[in-house]
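# Working through the structure, step by step
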Amino acid sequence: MPLLFRTVPNPELHNGQAIQMIDEVRHSTIQQNLKRLYMNNYIDPAGFNSSLRNFQNDYCGTIGRQFAEGFITGDAITAASIYLTIVAETAFTNTLFVAMPAEAAANGDYLLPTVFHSVQSDESRHISNGYATLLMALADESNHQLLQRDLRYAWWNNHRVVDAAIGTFIEYGTKDRRKDRESYAEMWRRWIYDDYYRSYLVPLEKYGLVIPHDLIEEAWNQIWNKGYVHEVAQFFATGWLANYWRIDPMTDKDFEWFEFKYPGWYDKYGKWWENYNRLATPNGHHPIVAESVDYVYPHRCWTCMVPCLVREDMVMDQVDGQWRTYCHEECRWTDAVAFRPTYQGRQTPNMGQLIGKREWETLYHGWNWADVVSDMGFVRDDGKTLTAQPHLDLDPRKMWTLDHLRRMPEVQSPNVLLNEMTDEQREAFRAAYVRGGPAGRFAPAEA
């Protein structure tokens, strides 16, 4: 919000933004107290006690870190108004603070809904802040070009990250398999497509805002036709050892529910999850990430940092002298076009750029897995048992330790390897990669 204080010339809006800043402090406080309560009362507190410091460096949390940093860095209107209040808080808090708490309640947790609904009650004020700021900006037609850019970037990055995380939590973190319970796709269609897109966003066209209809339809296509959430859940489970939570195996009841809600799910993902079950407890084998289960470890998207999981959509580009992979053309556009010092001939020095060692794998390229987990601090108090486990069994004989990881091959960064390839090798890699999937499968052999 302080970003907007210096930019928005309206004292009334400053008042609303100051209250929003106070709201966010309250949200952080009550959510940390909820985490503390879990830590003190749950049968296995490991992970709850370290998540505040571990969120920024784990296999999955680094995705969330870049997402959250987008709220507070770069151009003020882009970051704190369009990206945060117009898209994240107006559209995606419905799935985060309404749909997910409903799932928690269905699983017997009534504390999380109490906290999250209290947070959501403040979001209406934040939505109003964003709406008022947007209308003020739209009053000057010279802003329309950049607002169109901002909305395309903000919508797509929110979809890639929020749908990835919340979709996985709701679909794969529940034991509630009632057939009449909404799937994440059904929730998304109701809360985001109908309530946000059709009821809130489309009417803004009459004020001159260019709505990214194509991207909203493509987001739905990704969720319903391309299995985006299922691909993400599989990736999260693949690297279970580099996180600080548990992802337990699925049961026949889970399989039945997914097949009912997403016809054809088992043919795509069932075999991999059966392998996950088979490899859940140590028995002379490696964790699933290092086993042969017909899964090609994915390249990260340089922009959103969610890997290129819908293989057919992966694109490559050489930007700033480095070859980068992107999960979709829109993410390539964000990096190569939108986040640049100039945009369509206009000076945009505050946008910043997506630079540095962004992918988790690049940070640990060439490391032994045991050293990686130790470096991240994902080890229990005995100094050897991993915080994360691919099951919920507390029997020490069934829990993975650092000794199990020391036998694994070294971590390899797909981006480092990509930049070491010749042009011919890189093109051959791309051609094979986009023919792969679903469920990360290797490309079929060419006739």
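This text follows the structure it describes.
Let me sum up the structure you'll find in this document.

About the criteria used
Residues numbered from 1 in each chain as written. Predicted model: local features only at pLDDT ≥ 70, side-chain atom pairs only at ≥ 80, totals over all residues. Heavy atoms only, no water. Helix = DSSP H or I, 4+ residues; strand = E, 2+ residues; numbered from the N terminus. Rg over C-alpha atoms; globule rule 2.2 N^0.38 Å. Buried < 20%, exposed > 50% of the residue type's maximum accessible area, 1.4 Å probe, protein only. Areas by Shrake-Rupley, 256 points an atom, 1.4 Å probe, with all protein chains shown as cover. Lys, Arg positive; Asp, Glu negative; His and termini not counted. Charge placed at Lys NZ, Arg CZ, Asp CG, Glu CD. Pairing = 2+ DSSP bridges. Salt bridge = Lys/Arg side-chain N within 4 Å of Asp/Glu carboxyl O.

## A word on the overall build of the protein
- Helix and strand counts for the protein come out as 18 helices and four strands.
- Computed over C-alpha atoms, the radius of gyration of the protein comes to 22 Å, within 12% of the 22 Å expected from 2.2 N^0.38 for 447 residues, which places it in the range of a compact globule.
- In terms of its C-alpha atoms, the protein occupies a principal-axis envelope of roughly 65 × 55 × 40 Å.
- Taken over 447 residues, the protein has a buried fraction of 54%.
- Here the protein displays about 19,300 Å² of accessible surface, and carbon together with sulfur accounts for 54% of that area.
- Side chains of the protein carry 44 positive and 59 negative charges; the gap between the two charge centres is 3 Å.

## A closer look at the pairing of strand E1 (residues 315–319)
- Bridge count between E1 and strand E2 (residues 322–326): five bridges; the pairing is antiparallel. Of the residues in E2, the one forming a bridge with Val319 is Gln322.
- If you look at the hairpin formed by E1 and E2, you'll find two residues sitting between the two strands, and Asp320 has a positive phi there, around 55°.

## Observations regarding the pattern of salt bridges
- Here the structure, examined in full by the defined rule, presents 33 salt bridges.
- Put simply, Asp194 and Arg198 hold a salt bridge, and the shortest N to O gap is 3.2 Å. Within this pair, Asp194 and its partner Arg198 are both found in helix H8 (residues 184–201), separated by four residues, close to a single helical turn.
- Overall, Asp194 belongs to the partly exposed group, its relative accessible area being 27%.
- Taking the shortest distance from any N to any O, the salt bridge between Asp423 and Arg426 comes out at 2.9 Å. You can see Asp423 and its partner Arg426 sitting in helix H18 (residues 423–433), three residues apart, about one turn around the helix.
- Arg426 gets classed as buried once you look at its relative accessible area, which sits at 5%.
- Salt bridges here are not isolated pairs; linked through shared partners, they connect Asp23, Arg26, Asp122 and Arg125.

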